[in-house]
Amino acid sequence: MTVIVRPAVAGDADAVAAIWYAGWRDGHLGNVPDELVAFRTEESFGTRAAQRVPDTTVALAGDEVAGFVMVVGDEVEQVYVSRDHRGSGVAGTLLTEAERQVKAGGHGEAWLAVATGNARARRFYERSGWSDGGAFDYPAAVEGGTIPVPCHRYVKSV
C-alpha cells in the first residue's frame, strides 16, 4: 500500500490522539514515572493532539491516518504508528520526513528523546542511523510544570 505523507489538518486530530495514546502506553508504561502516567489520560492526548496540529505530519495508508510525527525546531518530539501499521515501513517513512523537516529548518543535527526502558524504539532508531548520545532526564511538560523522565538522547546528522 502506498503511504502518503502530508501536514496534519484539524480533522486528523482524533486519529492522531488515538494512535498517540495507544502507542505512548505501549512504549512508556513501566518506563516513566507513575506521576507522568497519571497526567497522560486518554483525554489529555485528545487535547494535545488538537493543539499540536501545526507541528504534526501524518502518514496516510489509503484514507486512514497510519501514523504521525511532530517536529519542533531540531527536535523530533513524537513518532507514532498505529498498531495495524507497525512493521509496514510507515515509521521509517515518517522518520525520514522528520529528518527532512529538521534539515529544512536550518539545523545540521536532529535529536529525540527515548525513554530508557523503551527497547523497541531504541532499536528502531539505531537501525535508522541514529546514535545514542547518552542518558538524560527529559522534562516532560504537564499542567503546572514538568516531570523528569529518564531517557536517552538520540542524535543524527541531517
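Quick notes on the rules
Residues numbered from 1 in each chain as written. Predicted model: local features only at pLDDT ≥ 70, side-chain atom pairs only at ≥ 80, totals over all residues. Heavy atoms only, no water. Phe/Tyr/Trp six-rings, centres within 6.5 Å; stacked < 30°, edge-to-face > 60°. Helix = DSSP H or I, 4+ residues; strand = E, 2+ residues; numbered from the N terminus. Expected span 1.5 Å × (residues − 1). Pairing = 2+ DSSP bridges. Polar contact = N/O pair within 3.5 Å; in protein donor to acceptor, adjacent residues only side chain to side chain. Contact = heavy atoms within 4.5 Å. Salt bridge = Lys/Arg side-chain N within 4 Å of Asp/Glu carboxyl O. Buried < 20%, exposed > 50% of the residue type's maximum accessible area, 1.4 Å probe, protein only. Core = buried A, V, L, I, M, F, W, Y, C linked by side-chain atoms within 4.5 Å.

1. Considering the packing of aromatic side chains
Note on aromatic pairs: each is described by the distance of the centres and the angle between the planes.
Piece 1. Using the criterion set out here, one finds 11 aromatic pairs in the structure.
Piece 2. Look at Trp20 and Phe45: their rings are 5.4 Å apart centre to centre, the planes differ by 80 degrees, and that puts the pair in the edge-to-face class. Of this pair, Trp20 sits in helix 1 (residues 13–28) while Phe45 is found in helix 3 (residues 42–51), placing the two residues 25 residues apart along the sequence.
Piece 3. Centroid distance Phe136 to Tyr138: 6.2 Å. Interplanar angle 80 degrees. Geometry classified as edge-to-face.

2. Considerations on helix 1
Piece 1. The end-to-end C-alpha separation of helix 1 is 21 Å, in line with the 22 Å expected for 16 residues at 1.5 Å each.
Piece 2. Note on helix 1: the residue one or two positions beyond its end, Gly30, has a positive phi of about 90 degrees.

3. Remarks on the pairing of strand 7 (residues 145–157)
Piece 1. Pairing of strand 5 (residues 109–115) with strand 7 involves 7 bridges; the strand directions are antiparallel. In the sheet register, Val114 faces strand 7, and the bridge partner there is His152.
Piece 2. Here strand 6 (residues 131–142) pairs with strand 7 via 10 bridges, running antiparallel. Residue pairing in the sheet places Ala135 in a bridge with His152 of strand 7.
Piece 3. Remark: 2 residues form the turn of the hairpin made by strand 6 and strand 7, two consecutive strands paired antiparallel; Gly144 in that turn has positive phi of roughly 90 degrees.

4. Here's the deal with the side chain of Arg40
Piece 1. Relative to the helices and strands, Arg40 resides in the loop between helix 2 (34–39) and helix 3.
Piece 2. Only 3.0 Å separates the side chain of Arg40 from the backbone oxygen of Ala141, close enough to count as a polar contact.
Piece 3. For Arg40, the residues in contact, after removing those within four places along its chain, are Tyr21, Trp24, Phe45, Arg48, Ala140, Ala141 and Val142.

5. So, the pattern of salt bridges
Piece 1. Counted under the stated rule, the structure contains 8 salt bridges.
Piece 2. Residue Arg86 pairs with Asp26 through a salt bridge whose shortest N-O separation is 2.9 Å. Of this pair, Arg86 sits in the loop between strand 4 (75–81) and helix 4 (90–104) while Asp26 sits in helix 1; the two residues are 60 residues apart in sequence, bridging distant segments of the chain.
Piece 3. Note on Arg86: relative accessible area 31%, which makes it partly exposed.
Piece 4. The class for Asp26 is partly exposed, based on a relative accessible area of 35%.
Piece 5. Arg100 is paired through a salt bridge with Glu97; the nearest N and O atoms lie 2.8 Å apart. Of the two residues, Arg100 and Glu97 both sit in helix 4, 3 residues apart, roughly one turn of that helix.
Piece 6. A relative accessible area of 47% places Arg100 in the partly exposed class.

6. Some details on the nonpolar core
Piece 1. Trp20, Trp24, Leu36, Val58 and Phe68 are the most contacted members of the largest nonpolar core, which has 25 residues in total.
Piece 2. At the level of elements, helix 1, helix 3, strand 2 (56–61), strand 3 (64–72), strand 6 and strand 7 are the ones that each hand at least two residues to this core.
Piece 3. Element by element, the count of residues in this core is highest for helix 1, at 7 residues.
Piece 4. Apart from the residues lying within four places of it in its own chain, the contact partners of Trp20 are Phe45, Arg48, Ala49, Phe68, Met70, Gln78 and Tyr80.

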